[in-house]
Amino acid sequence: MRISVIGCGYLGAVHAACMAELGHEVVGIDVDERKVAELSAGRAPFFEPGLPEVLGRALDSGRLRFSTDLADAAGAEVHFVAVGTPQTKGSHAADLTYVNAAVEGLLPHLADGDLVVGKSTVPVGTASRLSELVRASSGADLAWNPEFLREGFAVKDTLTPDRFVYGVARGEAGERAAAQLDAVYATALAAETPRLVTDYATAELVKVSANAFLATKISFINAMAEVAEATGADVTQLADAIGYDARIGRKFLNAGIGFGGGCLPKDIRAFQARADELGLDSLAFLADVDAINLRRRDRVVALAGELVGDLAGARVAVLGLAFKPNSDDVRDSPALDVARRLRASGAIVTAFDPEANATAGRVAPELEYATDVESALRDADVVLVLTEWTEFRELDPAVVAGLVSHARVVDGRNTLDSVAWRAAGFDYRGLGRP
């Protein structure tokens, strides 16, 4: 099929490359000339495992190209809108400026029978409004097809997703839209990927509901970590024990410095803001979820201070800046936030991340960045492990002890072997662990 993807950020670039990998003819469109130039040259503008290879194959095949001109969307049968919905300044609500601009910009280039497909995460009610605009202006249809990508696994999640959700209009238009999406995703559907066809509102709620649930689960175990610290219990063993319950499960029950990134924080805030607009107090608990999450950052800074006595002038090695491993994304990253708080408290911070040094440096130029883990550790008074990269999990504590000035470590992700680190002479502190 002929496909356009409007917005070539994290979501759009992956989607465009993967659609071409599946055999479709794709044009990715973005207003950022630099981004388009990088993608056209086969260079991914962010770190995502597997994307450079898929991008290169798609470009070499001739099925993928990039442009800054929305007019190049003309002639495509399906148009995916994959632009960002950041948090509005001064509010928790989602900013729909880019979504509205993308859809309105597409209108002159749509033909009767085309399908506009929203993939951006939007407040419930958005698709219904945009559907009326698209139908009245062009005769095209609109569907909402939320994405469920995990950073670090985005290529896999696009090519072999765990489910499809189509939010469509009622009647013949909805049947037509579902059939067009079936044609786009024919390969995955042939592998019996589950497919749910819903109304617009349900499709819009799926992504934010999933994110709210995951955020709640993470904050729950972090609240239990606070209880464990007060009582001498071990939150990791607690998580193991309750995780055996099939109704609960072990995933997302890892206590630490909390969640971050470009989705969970902003999505739960926008979800609560939308509920407030609807006159509902059903999601008031999400304010507590958010507060618990942010409180963990304070706790890590406090632990570092307890270990060194006074942060002013202390040499702190921060290992990890991305919000999660296998990513260079530092949006609302707890790790980067902790590093900046330590610096603001007077500590001399040397940070290292295998992939996120450059992205962190643009946001926090006040920090010192090491080129490798050994350089970050050298002469440190305390070490903080804040992103669970394999490289950090597999550090030999005996080797680390020979590099630092004082054997002190804060395990911000409860990812280290506390017995081994203590045996190597370290004063070890985890979150919710004795």
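Before reading on, note that the structure itself is shown above.
Rules behind the numbers
Residues numbered from 1 in each chain as written. Predicted model: local features only at pLDDT ≥ 70, side-chain atom pairs only at ≥ 80, totals over all residues. Heavy atoms only, no water. Helix = DSSP H or I, 4+ residues; strand = E, 2+ residues; numbered from the N terminus. Buried < 20%, exposed > 50% of the residue type's maximum accessible area, 1.4 Å probe, protein only. Contact = heavy atoms within 4.5 Å. Polar contact = N/O pair within 3.5 Å; in protein donor to acceptor, adjacent residues only side chain to side chain. Phe/Tyr/Trp six-rings, centres within 6.5 Å; stacked < 30°, edge-to-face > 60°. Lys NZ or Arg CZ within 6 Å of the ring centre and 35° of its normal. Pairing = 2+ DSSP bridges. Axes fitted to C-alpha atoms, helices over the stretch in contact; angles between N-to-C directions. Right-handed = clockwise from strand over helix to strand, strands pointing away. Parallel < 35°, antiparallel > 145°, perpendicular 65-115°, else oblique. Left-handed = near helix turned anticlockwise from the far one by under 90°. Nonpolar A, V, L, I, M, F, W, Y, C, P; charged D, E, K, R; others polar.

Enquirer: Sorry, what's going on with the environment of Lys217 here?
Expert: For Lys217, the position within the fold is in helix H9 (residues 200-231). Using a relative accessible area of 15% as the deciding quantity, one classes Lys217 as buried. Taking the C-alpha atoms as reference points, Lys217 and Tyr185, separated by 32 residues in sequence, lie 31 Å from one another. If sequence neighbours within four positions are ignored, Lys217 has contacts with Ile248, Gly249, Lys251, Phe252 and Leu253. At a separation of 3.4 Å, a polar atom in the side chain of Lys217 contacts the main-chain carbonyl oxygen of Gly249.

Enquirer: What should I look at first to understand the packing of aromatic side chains in this one?
Expert: Aromatic ring pairs: the centre-centre distance and the angle between the two ring planes describe each pair. Within the structure shown, the criterion is met by seven aromatic pairs. Put simply, the rings of Phe80, Phe164, Tyr166 and Tyr185 touch in pairs and so form one group of aromatic residues. Residue placement shows Arg150 over the ring face of Phe153; its charged tip is 4.5 Å from the ring centre. Above the ring of Phe148, the side-chain terminus of Arg163 is found at 3.6 Å from the ring centroid.

Enquirer: Is there a simple way to explain the environment of Ala339 in this structure?
Expert: Among the secondary structure elements, Ala339 is positioned in helix H13 (residues 334-344). With relative accessibility at 0%, the residue Ala339 sits in the buried group. Beyond its immediate sequence surroundings of up to four residues, Ala339 is in contact with Val318, Leu321, Val349 and Leu367.

Enquirer: Mind showing me how you'd approach the sheet that holds strand E10 (residues 348-352) here?
Expert: Strand pairing in a sheet is mediated by backbone hydrogen bonds. Such pairs are either parallel or antiparallel. Strand order in the open sheet made by the six strands is E11-E10-E9-E12-E13-E14, with parallel pairing throughout. Whereas interior strands pair on both sides, the edge strands pair on one side only; in this sheet they are strand E11 (368-369) and strand E14 (427-430). Sheet topology note: the strand E12 (residues 382-385)/strand E13 (residues 408-411) ladder contains three bridges and is parallel. Counterpart to Val383 in the pairing with E13 is Val409. Together, E12, E13 and E14 form the strand contacts of helix H12 (residues 285-308), whose direction differs from that of E13 by roughly 165°.

Enquirer: Would you mind showing me how to read the side chain of Ser138 here?
Expert: Looking at the secondary structure, you find Ser138 in helix H5 (residues 126-138). Looking at Ser138, its side chain comes within polar contact range of the main-chain oxygen of Val134, at 2.7 Å. Of note is the side chain of Ser138, whose polar atom sits 3.1 Å from the backbone nitrogen of Ala140. Aside from chain neighbours lying at most four places away, what touches Ser138 is Leu107, Leu110, Ala111 and Asp112.

Enquirer: What's the story with the pairing of strand E1 (residues 2-6) in this structure? I'm lost.
Expert: Along any regular strand, the residues point their side chains to alternate faces of the sheet. The element E1 is extensively covered by neighbouring structure, given that four of its five residues are classed as buried. In the sheet, E1 pairs with strand E2 (residues 25-29) via five bridges, with the strands oriented parallel. Directly across from Ser4, in E2, lies its bridge partner Val27. Taken together, E1, helix H1 (residues 10-21) and E2 constitute a β-α-β crossover, and its handedness is right-handed. Sheet analysis places E1 next to strand E4 (residues 78-81), joined by four bridges and oriented parallel. Bridge pairing in E4 links Ile3 to Val78.

Enquirer: Just to check I follow, could you spell out unusual backbone geometry for this structure?
Expert: Leaving glycine out, the prevailing phi sign among residues is negative, and the prevailing peptide bond configuration is trans. Look at Glu192: it is not a glycine, yet its phi comes out positive at around 70°. One can find Glu192 in the loop between helix H8 (186-190) and strand E8 (195-198). Unlike most non-glycine residues, Asn326 shows phi in positive territory, near 60°. Within the secondary structure, Asn326 sits in the loop between strand E9 (315-319) and H13. Note on Asn326: relative accessible area 31%, which makes it partly exposed.

Enquirer: Would you mind showing me how to read the packing of helix H11 (residues 264-277) against H12 here?
Expert: For any two helices packed against each other, the geometry comes down to the angle between their axes and how far apart the axes lie. The interhelical angle for the contact between H11 and H12, taken along N-to-C directions, is 155°, at an axis separation of 9 Å. Judged by the angle between their axes, H11 and H12 are roughly antiparallel. In this structure, H11 meets H12 at a crossing whose hand is left-handed. In contact with Ile268, Arg269, Phe271 and Gln272 of H11, H12 contributes Leu286, Ala287, Val289, Asp290 and Leu294. Of the residues contributing to the contact of H11 with H12, the split by class is six nonpolar, one polar and two charged.

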